[in-house]
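# Commentary on secondary and tertiary structure
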Amino acid sequence: MTLHPGRGFAAINYPIGMNLGGDPSQALVHSNPDGKFTVALSSIDLGQGMKSVTRQIAAETLGVPVEDVYVDTADSDTGPHCMGSFASRGTHRVGNAVIQAAKEARAVMMEAAAEELEVNPDDLVTDGKGNIHVKGAPSRSIGTGTACAAAQFKQGKTVSGRGIFLVPLSPVDPETGEMTPVTCFAHAAMVVDIEVDDETGEVSVTQMNSAYELGRALNPKLVEQQLVGGAWMGMSHALWETTEPYYPDRSHGPIDFNDYLMPGPGDIAPHHISILERPAPDGPFGGKGPGEMCANPVLPAVANAVFNAVGVRITDLPITPEKVLRGIRANGGAKPQRRW
Amino acid sequence: MARTPIEFRHNGRDQAIFVEEGSNLLDVLRRGVGDFAPKYGCGQGTCGCCTVLVDGEPHLSCLTLAETVAGRSIETTSGLGKGVELHPLQQAFMDNFAAQCGYCTPGMLMAAKSLLDHNPSPSRQEVVEAIAGNICRCTGYEPIIAAVLDASSRMSGRRSA
Ligand code: FES
Ligand code: FES
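Residues numbered from 1 in each chain as written. Chains lettered and ligands numbered in written order. Predicted model: local features only at pLDDT ≥ 70, side-chain atom pairs only at ≥ 80, totals over all residues. Heavy atoms only, no water.

### Brief notes about the interface of chain A and chain B
On the side of chain B, 22 residues touch chain A, which itself brings 21 residues to the contact. Summed over the three residues of chain A that lose the most area to chain B, namely Gln225, Phe257 and Pro265 of chain A, the buried surface amounts to 35% of that side. On the surface where chain A and chain B come into contact, there are 1 salt bridge. Considered class by class, the residues forming the side of chain A that touches chain B number 10 nonpolar, 8 polar and 3 charged. (Contact = heavy atoms within 4.5 Å. Buried area = accessible area lost by both parts, 1.4 Å probe. Salt bridge = Lys/Arg side-chain N within 4 Å of Asp/Glu carboxyl O. Nonpolar A, V, L, I, M, F, W, Y, C, P; charged D, E, K, R; others polar.)

Here you go:
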C-alpha cells in the first residue's frame, strides 16, 4: 500500500444571478410605531446570512443604527416578490432592492425631521447613531425615531419605501447564441492537496488554499463562514455524495444518512482563504456575494489532484474509491504525474 | 393505546407525564413537555440533532424509549443557559460562528457539553470524536471544533481564576 500525494488547481468564474425574466427581487421598508424600521422580504435566510446582510444594507442606507432595523422574511405568500435564495443572487439582487426601498423611506424620514426642525431637508444629515442634525450644527438635531414618530402621529405621513431590482432581459442572438446572462461575475482559484491510497482507492484531502474575489465583503465573518462551509460541501460533492452504487436495483442504493455519505468532522482539512475585494459597480455597496460558488472550485481541483497523484482521470462525480481503483487497474498501476 | 405515567428530571426540574407505550423520548420532550430544543432530523439515529443528555451521557432521543428515562435526569439545550446568561459553550458557538442554519446546533451543544463535563481540556481529536455522530450540513465542522476548544479554554480560565 502506498499513499500518493497529489496537488490540483482550479479557477472559476461564477455568475451572480441569472437572466430569467429579469431576475427580480423586491423589498418594502417601513417605520414601525416605535420609530424603528422593518424590512419586508420574501428572500429566505437558511443560514447563509440574508437577514444580517440586508439588515446592514438597510441601516447604512437609512442612516440609522443596525439595532433599529428588523428584517422580516416570514411569509413569501404575503411578502414582496423574490425569485429566491439561489444562484448567489441574494446579496446582489435583494441588496439593491433594499437600497432603493430604504432611500425612499429615508427621504420621508428626512422631510419629517426637516418639518420638525423647521429647516430644509437638504441641509440635514444622519450620524448613523440614531440622530439627524443640521449640517455643521450638530446641536440642532432630532432622533430618527422621534422624526419617524412625528411623521406617523403628527404629520400624517407613512415613512416607507419600495424597492425592486430587475435586470433588463438580454435577448439571445439567434445566429451566435450570444447573450449577457448576468450583470457581474465573482471569481475564485483553489489549490487542493490530497493523498490517494492505491490499495483502497480512498482519497483524503489534506489541505485547501483558496482565493475568492466576490466584490466587497459586506460582512467579512459571514463571507468566511460561507466559504469554509461551502468548501466542505464541495469536498462532499467531489468525493462522497452519491445515491450509487445500487446492486441489483435502486431499492438497494443509499437512501439514508447511513449510506449516503458526507465528510464528517474527522475528514476535514485546513482551509486557508484569501478574500480579494473588488467592489462591483452595480453591487450594493460593491457586494456580489459568495453563495453557490463556495463549493465549485473544489470539485475540479480535487479531480485534477487525483490525476496528479495516481494518473487517473475521473470524469464523473463523485470520485469514489471504486472508480479510483478501477482507474488504477486499467492503467496497470498508479502513475504519479510530474511533481509540483 | 396504553399510557404509562413516568417521572424524570428535565433540566433540573421534576417532570411527571403520561407517555404512550413505545413512544420515543424526542417525541415526549417536544410534544409532551414542550421543549423544542432537541430537533428531529432523521428519526433513525444517524444525524445526532436530537442528542440529549441522560444522566450526563449523550443519547439519541429519537431512539430512546421514553419509559426508560423514568427516574433519570435529562438535559437539553433549553437548560444550558441561566436566564439571559449563556453557557460558555453557547457563547463560544456564537463567537466562532459555529451555526449557520442552526439545525444541528442543539445536538452539537449537548454532545460537546457531555465531552467537557467528562474531559474539561480535550484535544482537537477528542472533540472530533465527540461530535462524530452529529451531522452538520452547513458549517464544514471547523467552526464547531474551534468553538468547543474555545469554550474549554474559557471554562478552564474560569476554574483557575
Ligand atoms: S433525529 Fe435522532 S439521530 Fe437523527
Ligand atoms: S448549522 Fe446547519 S446543519 Fe449545522
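### Brief notes about the sheet that holds strand β5 (residues 124-126) of chain A
The pairing of strands in a sheet comes from backbone hydrogen bonds and takes either a parallel or an antiparallel form. Residues and elements named next belong to chain A. In space, the 3 strands of this open sheet follow the order β5-β6-β7, with antiparallel pairing throughout. Single-partner strands in this sheet number two, and they are β5 and β7 (137-143). For this sheet, the mean inter-axis angle between neighbouring strands, taken without regard to orientation, is 35°. Sheet topology note: the β5/strand β6 (residues 131-134) ladder contains 3 bridges and is antiparallel. (Pairing = 2+ DSSP bridges. Helix = DSSP H or I, 4+ residues; strand = E, 2+ residues; numbered from the N terminus. Axes fitted to C-alpha atoms, helices over the stretch in contact; angles between N-to-C directions.)

### Some words on the layout of surface pockets
Any space left empty among the atoms is revealed by the rolling of a water-sized probe across them. All names here are of chain A. Counted as a void, the largest pocket has a volume near 730 Å³. Mapped onto the lining of the largest pocket, the elements with two or more residues apiece are α1 (50-62), α2 (90-117) and α4 (220-239). Looking at the lining of the largest pocket, the element that brings in the most residues is α4, giving 6 residues. Approximately 500 Å³ is the volume found for the second largest pocket. Together, 25 residues line the second largest pocket, and Leu239, Trp240, Ile319, Thr320 and Pro321 are the ones closest to its centre. At the level of secondary structure, the elements contributing two or more residues to the lining of the second largest pocket comprise β9 (185-197), β10 (203-213), α4 and α6 (321-330). Looking at the lining of the second largest pocket residue by residue, the class counts come to 13 nonpolar, 4 polar and 8 charged. (1 Å grid on protein atoms, 1.4 Å probe; cavity = no way out; pocket = protein on both sides within 12 Å on 5 of 7 lines; lining within 4 Å. Points joined across faces, edges and corners; volume = space filled by probe spheres on them.)

### Brief notes about the environment of Gly177 of chain A
Residues and elements named next belong to chain A. Relative to the assigned elements, Gly177 resides in the loop between β8 (160-165) and β9. Residue class for Gly177 comes out partly exposed when judged on its relative accessible area of 39%. Separated by 46 residues in the primary sequence, Gly177 and Asn131 place their C-alpha atoms 53 Å from one another. (Buried < 20%, exposed > 50% of the residue type's maximum accessible area, 1.4 Å probe, protein only.)

### Structural notes on unusual backbone geometry
Cis rather than trans, the peptide bond between Leu317 of chain A and Pro318 of chain A has omega equal to -5°. Of note in the backbone geometry, Ala87 of chain A takes a positive phi value of approximately 55° without being a glycine. Looking at Ala87 of chain A, the relative accessible area reads 12%, which means it is buried. Of note, Asp55 of chain B is a non-glycine position whose phi angle comes to about 50°, a positive value. Among the secondary structure elements, Asp55 of chain B is positioned in the loop between β3 (51-54) and β4 (57-60). Using a relative accessible area of 42% as the deciding quantity, one classes Asp55 of chain B as partly exposed.

### Quick look at the domain arrangement of chain B
Buried accessible area, meaning the area lost when the parts come together, often serves as the stated size of an interface. All names here are of chain B. Domain parsing of chain B yields domain 1 (3-79) and domain 2 (88-156). Of note, the centres of domain 1 and domain 2, computed from C-alpha atoms alone, are 21 Å apart. Taken together, the contact between domain 1 and domain 2 spans 17 residues of the former and 14 residues of the latter. Both faces considered, domain 1 and domain 2 share a buried interface measuring about 1200 Å² in area, 57% of it formed by carbon and sulfur atoms. Applying the counting rule to domain 1 against domain 2 returns 1 salt bridge. Between Glu75 and Lys113 there is a salt bridge, and its shortest N-O distance comes to 2.7 Å. Summed over the shared surface of domain 1 and domain 2, the number is 7 residue pairs in polar contact (both at pLDDT 80 or more). Broken down by element, the side of domain 1 that touches domain 2 gets its largest block of residues, 3 residues, from β3. (Domains from an automatic or database assignment. Polar contact = N/O pair within 3.5 Å; in protein donor to acceptor, adjacent residues only side chain to side chain.)

### Points about the pattern of salt bridges
Side chains carrying opposite charge are able to pair once their charged atoms draw close together. Counting across every chain of the model gives 20 salt bridges over all chains. In this structure, Glu20 of chain B engages Arg3 of chain B in a salt bridge whose closest nitrogen and oxygen atoms are separated by 3.9 Å. Here Glu20 of chain B is found in strand β2 (residues 13-20), whereas its partner Arg3 of chain B is found in strand β1 (residues 3-10), with 17 residues between them in sequence. One salt-bridge network, held together by shared partners, links Asp23, Arg89 and Arg93 of chain A.

### So, the domain arrangement of chain A
Residues and elements named next belong to chain A. One can read the domain layout of chain A as domain 1 (3-15 + 185-330) and domain 2 (20-165). Just the C-alpha atoms count here: the centres of domain 1 and domain 2 sit 38 Å apart. Each partner contributes residues to the interface: domain 1 has 17 residues there, and domain 2 has 16 residues. At the boundary of domain 1 with domain 2, total buried surface from both sides reaches about 1200 Å², with 57% on carbon and sulfur atoms. Taken together, the connections running from domain 1 to domain 2 amount to 0 salt bridges. Along the contact surface separating domain 1 from domain 2 lie 8 residue pairs in polar contact (both at pLDDT 80 or more).

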